[in-house]
Amino acid sequence: MTGPAAVRPAPPAARRPEPLKPVSRSISQVGIALTVAFAILAGGAGFWQVFQSEELSTAPDNPAVIAAARNVIRGEIVDRDGTVLAMNKTDSNGDPYRLYADRVVAPVVGYASRRYGTAGLERSYGAALTGLNDPDPIRNLLRKFQADPYDPQTLTLSLSLPLQRAAVRGLGADKGAVVMLDPRTGEVLALASTPIYDASAIANPDTQEAGFAAVRDNRDEPLLTRATQGQYVPGSVFKIVTAIAGVGSGSIDANTTFEEQPQAERDGLVVNGFRIREHAGVPARTLDLAAATEVSSNIWFALAGLRTGGDNLSEYAGRMGFGEPLPFDLPTKRSQVTKGDGSAPGGFVDDTELANASYGQARTLVTPLQMALVAATVANDGQLMTPHLVTAMTGKQGTRTIDPRRLERVISPDQAAQIKAAMVRAVEGDLGRQFTSGAKVRGVTTAGKSGTAELGGEGAPHSWFIGFAPAENPTIAIAVLVERGGRGGERAAPLAGSLMSTYFEMFGR
Amino acid sequence: MTAATPALPGIFAGFRPRPRWREFQLLAIAAVAILVGSISLGLARQEPELGIENGFSFAEPVHLVIYLGVLFGVHAAQVLTGRRTDQVLLPAVALLGGISLLLMERLPQDLVVQRFFGSALGLAEVQLIWLCLALTLAGTIAIVVRSDLWLRQYKYTWAAAGVALLILTFFLGTEVNGQRLTLSFGPVSGQPSELLKVILVVFLAGYLSENRPLLVEESTRLGPFAIPPLPYLAPMVAMWAIALGIVVVQRDLGAALLFFGVFLLLIYAATGRFGYVVLGVAMFLLGAFVMYQLVPHVRTRVDVWLDPFATPQSSGYQIIQALYAFGRGGLLGSGLGGGLPTVGGGQPGGIPEVHTDFPLAALGEELGLIGVLAILGIYLVVIERGLRIAASAGDDFRSLLAAGLALVVGVQAFIIAAGNLKLIPLTGITLPFISYGGSSLLVNGIVVGLLLALSDKGVEPPPPPKPPGRIRRLAGKVIR
């Protein structure tokens, strides 16, 4: 600001000021400012009424949702064969309430109670089930012009009730989780989480207090869906993630060997002064990817992880969903390669943590669903499909199917084939069978990897298995976790084998 | 063109009627919109399951007849008296008033109950009375006010009256919802801060138009900014102090924001100097920061704004319910009367104080985004007409007065709409012409009336400019 503004006022003799700029000009500038301000208001209204509209109007606390849930008869939930999993009953006052076909679906379907709210799909699909929200965006827009705006949707799931029953039965009295999905489509066929609970008791107005109290006061936390929300140390099943990152980034391939590895199998591998020791049963000879996977060499994978680097490991894990809650029909917890607060590449503290994380110890935490996706990525030639449970929604206006969607191309088919071969060796190889006994499906080439997650202190480790079959053309991928189930080969691997057998008996090969 | 019109008998003797076709057409469009809204509301009220099925009907035909009657009455009065006032302002305001009437008919009637000569009037009836009075007031001022001397010459008197009102409210006001805003005289009660905003504009227009040359030309430099000569900073500081005083004493964040915003925009209009606005905003931010630290209710407001979901059942409840309402409305809305049945009042799921603080949220639910955009558009029309009147007025005083009046409406609408939309912290001021409330409607009626009067091309020209006032001479001595 220079020039006229700095001019001294005129002397008293010429008292009349120079002609001023007319106010009309600055007034029109004020008008422009207000127009901009109102445009911002319009933007704010658009934000809430268009971008946030669905989220706001389907929020469980929205009075419209609560009101609709009270009076409207919810849509049914059926499994892939049409078996009704969630149906409606009427109490003595004529008000509807929910009845569930089988306790085993509680971790998936959840409950809808007039008093205690909702959980599971009953919660995440509450707006669709009550018909408050039409899945077709255009129809949803025009819905308000119809006489009866509520169109409760029936949900068709990819879940198979018999397979779900087999999975829950297989877990038995243990706490644990099973996830089985079709790697080609991402359709989830079984999602078991034990202990299960009696959702019907919570939904029934006559038994709701006792039913909810039983769940709430249970120290085993049945309401925690372990398959999607349990965060566990993965142990050796995580080696598949390391292999994907190593092969995907070109750091290693099927023929990679490490000079120092045979010696380190005996003496341990010193990284940053910290000595990594091998578990028993690994021969002190030079191993490649398949051989190291077969005998589950911690040393080989620690070396592979160090060569791959923390940033690559985090990057490839992230492509499979690590680091964020997974996109899924049920709420999920995030899986992590590391806590991410370190200064080394990928968020690791140092090479010691990276080396330990590469065989699934350190600060690595995963959900069973996440590990099922790792297996599915290898099974589906390196392409990860978005996992989903709901395959169709049917209302008065017809059916809308939810088609499979690709989540991410993680690695190339060639790279996936190298890892697949290693996972076949881990189940079918002479030495591998000792670690994954029982995972083999008779007459079907089976691929997989067991895991034994050491938790420190006393008590049995978590027992893990991930895998898929048939290896040539996989139709089913699986992740099994049994809390404190012992070594992977003892508990999780045989359960996975038997569940995959059940799958092939039901659905053919 | 009107020379041939015969003189009228009776009270209109001496007036030459002039047709106002543009206003008539626009009023007709507004009337049709209101009628359609009423039909829509009437249809939504039918409930076949309960046996309420009265077919095609208006929601409240009597209200409609009264409202439209008054509207066209105001129009006819201006035609008969031959006034050459702005022809867009009244239809725009009438449409907002009509939307208000429909909304009040739609909300639960027991939100407001006034006993009046033995009969109880509900929300819509009371609002209808205020709307009609406001329109009548606007029309009367537009016709009767032919000179601005009574405003121009007594600006310090007006300022004194304003301060007196403020003090009266402080000592005699009754507290409602933690805000000391209401002043009662016997059966009549009102909110003086509504009137205060008009008084403020009158004073500022007088003060700024008189001292404009000095404010523009003489300045002290402070770093990169030219600030006004120190004696002229006094009113700015005084305004700032008054605004802060309103926050502390009346707990009325909205009024303080409104006063200060209008003040800054008017200073800019008068001087064209951006430096003043920067200085004012800096003072505002400083004041806001100190207030946040020291005054608990300010901090509560700001915290609720930042994260209402932290206290969803208490202080965050109102704004969360409003956001839900906006979300439910979506693009097209549910139609008048088609929103959540419990909208409003103390009912579960309703927005507390919806009729005064959150009419935009209720309209957002029922008219959708397109309705909200239309309403914002109508406000812009009102502002644009006001500023146009200001730009073409006869002299600086009239320009600044008209601009200030338009800004009072525009800035107030912005503040409460932005509060509703969670763009700024919520304040409890009204949405002009739409919110329920007598004080607000009457004062906005005065604003429209004055704007119409200022737009009249037939009134006497402004008086010749006076020699610079006493303060200017005094300031001249100080500076030299």
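Please read all numbers here as calculations on a predicted model, not as lab measurements.

Caption draft 1: Seen up close, the interface of chain A and chain B. Listed per partner, the contact involves 39 residues of chain A and 53 residues of chain B. Every element with two or more residues in the side of chain A that touches chain B is listed here: helix 1 (23–51), helix 2 (53–57) and helix 3 (63–71) of chain A. Tallying contributions element by element places helix 1 of chain A first for the side of chain A that touches chain B, with 21 residues. Residue composition of the side of chain A that touches chain B, by class: 23 nonpolar, 12 polar and 4 charged.

Caption draft 2: Up close: the sheet that holds strand 8 (residues 188–194) of chain A. Residue and element names in this part refer to chain A. Within the open sheet, the 5 strands sit side by side as 8-7-17-16-15. Their pairing is antiparallel. Looking along the sheet, the strands with just one partner apiece sit at the ends: strand 8 and strand 15 (447–453). Direction aside, the axes of adjacent strands within the sheet are offset by 5° on average. In this structure, strand 16 (residues 462–469) lies alongside strand 17 (residues 476–482), joined through 7 bridges in antiparallel fashion. Across the sheet, residue Gly-467 finds its bridge partner in strand 17, namely Ile-478. Together, strand 7 (176–181), strand 15, strand 16 and strand 17 form the strand contacts of helix 21 (residues 492–507), whose direction differs from that of strand 17 by roughly 145°.

Caption draft 3: Spatial organisation of unusual backbone geometry. Residue and element names in this part refer to chain A. At the junction of Thr-194 and Pro-195, the peptide bond is cis and its omega measures out at 0° in the coordinates. Relative to the helices and strands, Pro-195 resides in the loop between strand 8 and helix 9 (199–203). Following Ala-469, the chain continues to Pro-470 via a peptide bond in cis, the omega torsion being -15°. Tracing the backbone through its elements, the reader meets Pro-470 in the loop between strand 16 and strand 17. The backbone phi angle of Asn-272 is positive, close to 55°, even though this residue is not glycine. Here Asn-272 is to be found in the loop between strand 9 (269–271) and strand 10 (274–276). Phi at Arg-484 is positive, roughly 55°, even though this residue is not glycine. Mapped onto the elements, Arg-484 comes out in the loop between strand 17 and helix 21.

Reading the values: rules and limits
- Residues numbered from 1 in each chain as written.
- Chains lettered and ligands numbered in written order.
- Predicted model: local features only at pLDDT ≥ 70, side-chain atom pairs only at ≥ 80, totals over all residues.
- Contact = placed C-beta atoms within 7 Å.
- Helix = DSSP H or I, 4+ residues; strand = E, 2+ residues; numbered from the N terminus.
- Nonpolar A, V, L, I, M, F, W, Y, C, P; charged D, E, K, R; others polar.
- Pairing = 2+ DSSP bridges.
- Axes fitted to C-alpha atoms, helices over the stretch in contact; angles between N-to-C directions.

What is shown is where atoms sit, not what they do.
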